[in-house]
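# Residue-level structure breakdown
So you can see what is in the structure, the chains are spelled out below.
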Amino acid sequence: MLNQTADKDWNVFLKDAFAQESYAQLMTFLENEYLNEIPILPPISEVFACFECTPFQHVQVVIVGQDPYHGMNQAHGLCFSVNTGIKIPPSLKNIFKALQFDIPNYQIPNHGNLSNWSKQGVLLLNSVLTVREKQAGSHQKKGWEQFTDAVIEELSKQKEHIVFLLWGHAAIQKKEIIDGHKHLILEAPHPSPLSAHKGFISCKHFSKTNEYLLAHQGVPINW
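Note that the structure is a prediction, hence the values are computed from the model and not measured. (Residues numbered from 1 in each chain as written. Predicted model: local features only at pLDDT ≥ 70, side-chain atom pairs only at ≥ 80, totals over all residues. Heavy atoms only, no water.)

## What to know about the nonpolar core
- Grouped together as the largest cluster of nonpolar side chains are 64 residues, with contacts concentrated most on Phe51, Trp144 and Phe147.
- Those residues in contact with Phe147 that lie beyond four places of it in its chain are Leu14, Ala17, Phe18, Tyr23, Phe48, Phe51 and Leu129. (Core = buried A, V, L, I, M, F, W, Y, C linked by side-chain atoms within 4.5 Å. Buried < 20%, exposed > 50% of the residue type's maximum accessible area, 1.4 Å probe, protein only. Contact = heavy atoms within 4.5 Å.)

## Regarding the pairing of strand 2 (residues 61–65)
- With respect to burial, strand 2 is a largely interior element, 5 of its 5 residues being buried.
- Residues Val61, Ile63 and Gly65 of strand 2 are buried on one face, and the alternating residues Val62 and Val64, pointing to the opposite face, are buried as well.
- Across 5 bridges, the pairing between strand 2 and strand 3 (residues 122–126) is parallel. Note that in strand 3 the partner of Val62 across the bridge is Leu123. (Helix = DSSP H or I, 4+ residues; strand = E, 2+ residues; numbered from the N terminus. Pairing = 2+ DSSP bridges.)

## A word on helix 7 (residues 144–158)
- Taking 1.5 Å per residue as the helical rise, helix 7 with its 15 residues ought to reach 21 Å, and the 21 Å between its terminal C-alpha atoms agrees with that figure.
- Looking only at helix 7, the buried set comprises Trp144, Phe147, Thr148, Val151, Ile152, Leu155 and Ser156. (Expected span 1.5 Å × (residues − 1).)

## Re unusual backbone geometry
- Here the amide bond leading from Leu41 into Pro42 is cis, since omega sits at -5°, within 30 degrees of zero.
- Here Pro42 is to be found in the loop between strand 1 (40–41) and helix 4 (49–53).
- Even without being a glycine, Gln217 presents a positive backbone phi close to 60°.

## Remarks on the sheet that holds strand 6 (residues 184–188)
- Judged by pairing direction, the sheet is parallel, and its 4 strands sit side by side in the order 3-2-5-6 without closing on themselves. The sheet is open, and its two edges are formed by strand 3 and strand 6, each paired on a single side. Neighbouring strand axes in the sheet, compared pairwise and without regard to direction, differ in orientation by 20° on average. (Axes fitted to C-alpha atoms, helices over the stretch in contact; angles between N-to-C directions.)

## Points about the layout of surface pockets
- In this structure, the largest pocket occupies an estimated 380 Å³ of space.
- Surrounding the largest pocket, 25 residues form its lining, Asp67, Pro68, Tyr69, His70 and Ser91 being those nearest its centre.
- When its residues are assigned to classes, the lining of the largest pocket shows 13 nonpolar, 11 polar and 1 charged. (1 Å grid on protein atoms, 1.4 Å probe; cavity = no way out; pocket = protein on both sides within 12 Å on 5 of 7 lines; lining within 4 Å. Points joined across faces, edges and corners; volume = space filled by probe spheres on them. Nonpolar A, V, L, I, M, F, W, Y, C, P; charged D, E, K, R; others polar.)

What follows is the structure, given as structure tokens:
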């Protein structure tokens, strides 16, 4: 069902993750879920969109989300992003506010599609890649966490000088599988309205990311 991406380097990189028993069990679960009457988000063709938009060789930054937006037409496989024309969700509004606080003269866009970030090497990775419509967290603990942990752990091992942006408790837990000697790990509260006021808006992760990339021969992100 989902055992390859459009990028051949990711397919090689994820080969062991695809071979895990937990992934086989996840696929059996998803096959039944996509046949259910309740819509599953994102559409099956976009579940691996983050890998297809950001080839393995181009990864400079990893933003770790939780699970996809559960409103119809919102999720399209990139964490925190929505399709152009869809109302900007509150968490993404706070991300734009943080950018405005951080980057001089930053202009908040009139849409919430972050695919331009992904094309610059920002892997927009949710911890869980699917969800039932209107049922937040409904696909947690089904096997996605093991898969995305493997993605993060292997990126940490195989590459150098990636910036990992960990926003919120669930994402921050993943720092244990990242080599902090080879990479930059930046932590902040989740951009949700429930916690963004606790330090997310003023975290300046975007300028810190670009400073680190420039210092290690990377290309700064045009946020």
